[in-house]
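So the chains spell out like this:
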Amino acid sequence: MKRNTQQLQDLCIQVRRDILRMVHAVNSGHPGGSLGCTEFFVALYQNIMDRKETFDMNGVCEDIFFLSNGHISPVFYSVLARSGYFPVSELATFRHINSRLQGHPTTHEKLPGVRIASGSLGQGLSVAIGAAQAKKLNGDSKLVYSLHGDGELQEGQNWEAIMYASAKHVDNLIATIDLNGKQIDGSTDEVLAMGSLRAKFEAFDWTVIDIKEGNNLDAIISGMNEAKSLTGKGKPVCVLLHTEMGHGVDYMMHTHAWHGKAPNDAQLEAALAQNTTTQETDY
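These numbers were taken from a predicted model, which means no experiment stands behind them.

*Asks:* I would appreciate a short explanation of the sheet that holds strand 1 (residues 64-67) in the present structure.
*Replies:* The strands making up a sheet associate through hydrogen bonds between their backbones, and the pairing can be parallel or antiparallel. On the basis of which strands lie adjacent, the open sheet formed by five strands has the order 1-2-3-7-6 and parallel pairing. Edge strands, defined here as strands with exactly one partner in the open sheet, are strand 1 and strand 6 (207-211). Across this sheet, the average inter-strand angle for adjacent strands is 20°, counted without regard to direction. Sitting on the sheet, helix 3 (residues 38-48) touches strand 1, strand 2 (144-149), strand 3 (173-179) and strand 7 (237-242), and the angle it makes with strand 1 is about 165°. Contacts from helix 9 (residues 217-229) reach strand 2, strand 3, strand 6 and strand 7 within the one sheet, and its direction differs from that of strand 6 by about 170°.

*Asks:* So what exactly am I meant to see when it comes to the environment of S222 here?
*Replies:* Residue position: S222 is located in helix 9. For S222, a relative accessible area of 48% gives the class partly exposed. Sequence spacing of S222 and I48 is 174 residues, and the spatial spacing of their C-alpha atoms is 9.6 Å.

*Asks:* Could you clarify how one ought to interpret the environment of H242 in this entry?
*Replies:* Within the secondary structure layout, H242 lies in strand 7. Between the C-alpha atoms of H242 and I211, which are 31 residues apart in sequence, the distance is 6.1 Å. What H242 contacts, discounting residues up to four positions off in sequence, is L179, D210, I211, K212, E213, G214 and N215.

*Asks:* Honestly, unusual backbone geometry in this entry has me stumped. Any pointers?
*Replies:* Negative phi is the rule for most residues except glycine; trans is the rule for most peptide bonds. Phi is positive for N27, close to 50°, though the residue is something other than glycine. With respect to the element layout, N27 can be found in the loop between helix 1 (5-26) and helix 2 (31-36). By relative accessible area, which is 60% here, N27 ends up exposed. In this model, H254 sits at a positive phi of 65°, which is unusual for a non-glycine residue. With respect to the secondary-structure elements, H254 resides in the loop between strand 7 and helix 10 (265-273).

Conventions and cut-offs
- Residues numbered from 1 in each chain as written.
- Predicted model: local features only at pLDDT ≥ 70, side-chain atom pairs only at ≥ 80, totals over all residues.
- Heavy atoms only, no water.
- Pairing = 2+ DSSP bridges.
- Helix = DSSP H or I, 4+ residues; strand = E, 2+ residues; numbered from the N terminus.
- Axes fitted to C-alpha atoms, helices over the stretch in contact; angles between N-to-C directions.
- Contact = heavy atoms within 4.5 Å.
- Buried < 20%, exposed > 50% of the residue type's maximum accessible area, 1.4 Å probe, protein only.

As structure tokens, this is what we get:
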């Protein structure tokens with residue numbers, strides 16, 4: 001059963017609390033991008049995807065998702081746990097030795113919800129395309145979703161995959177780009193400007209839509225439903241999701257500084273104070 005807007009908003013607050021507490025506990029992790037994609041993950045798993053309650057690695061007859069920019073694992077783990085894939089209490093093991101919740105998702109520990117290891121950037125789109133083609137070969141009408149960082153598109157393998165997907169009419173794929181304009185060393189324009197991503201994807205014969213309010217649940221749900229309506233028409237679909245890194249924590253927003261840095265005790269307290277909820281169920 002899909003949650004209503006208030007329930008989704010409450011879950012977003014809880015997920016942000018999880019992210020902050022996870023990275024603080026081990027003084028390690030990537031809160032900025034995780035916070036920026038919170039609304040997207042919550043909407044995807046609670047509203048957009050047609051998924052089964054139990055996890056099967058093959059994902060037959062259900063929509064499946066691949067996280068390419070695996071360093072934002074805190075938001076991925078939180079939403080997976082809050083969606084019932086594994087116990088919420090396991091979030092307390094994030095980045096511990098022998099934990100299933102490593103800094104970047106892995107598959108050898110068989111964590112439910114994780115289908116690829118994504119520590120190395122630039123590879124997730126290739127995997128998503130392969131899965132989408134497998135669904136077509138198997139007569140499976142469900143969709144494949146993927147998420148990529150905008151800075152990640154500086155990796156060349158992406159563009160081979162982008163060219164391939166349109167040439168082979170992989171039209172059961174929705175690839176979302178987290179377009180926050182920031183990466184670990186600064187703004188994407190300063191590190192390696194990529195120009196218009198819309199123009200580039202359209203030049204590679206993809207269908208492209210923009211979600212201008214990438215931290216607004218209603219806008220995300222509306223935009224992703226539009227993206228779904230555009231599948232099956234001979235072209236892969238790209239969603240440009242305009243987000244704010246560190247969204248929901250004022251001192252983490254409008255800067256790349258929190259891409260890969262954990263808050264100290266005082267900073268954690270300040271951040272949690274900005275994300276209070278009467279529905280609090282911290283692990």
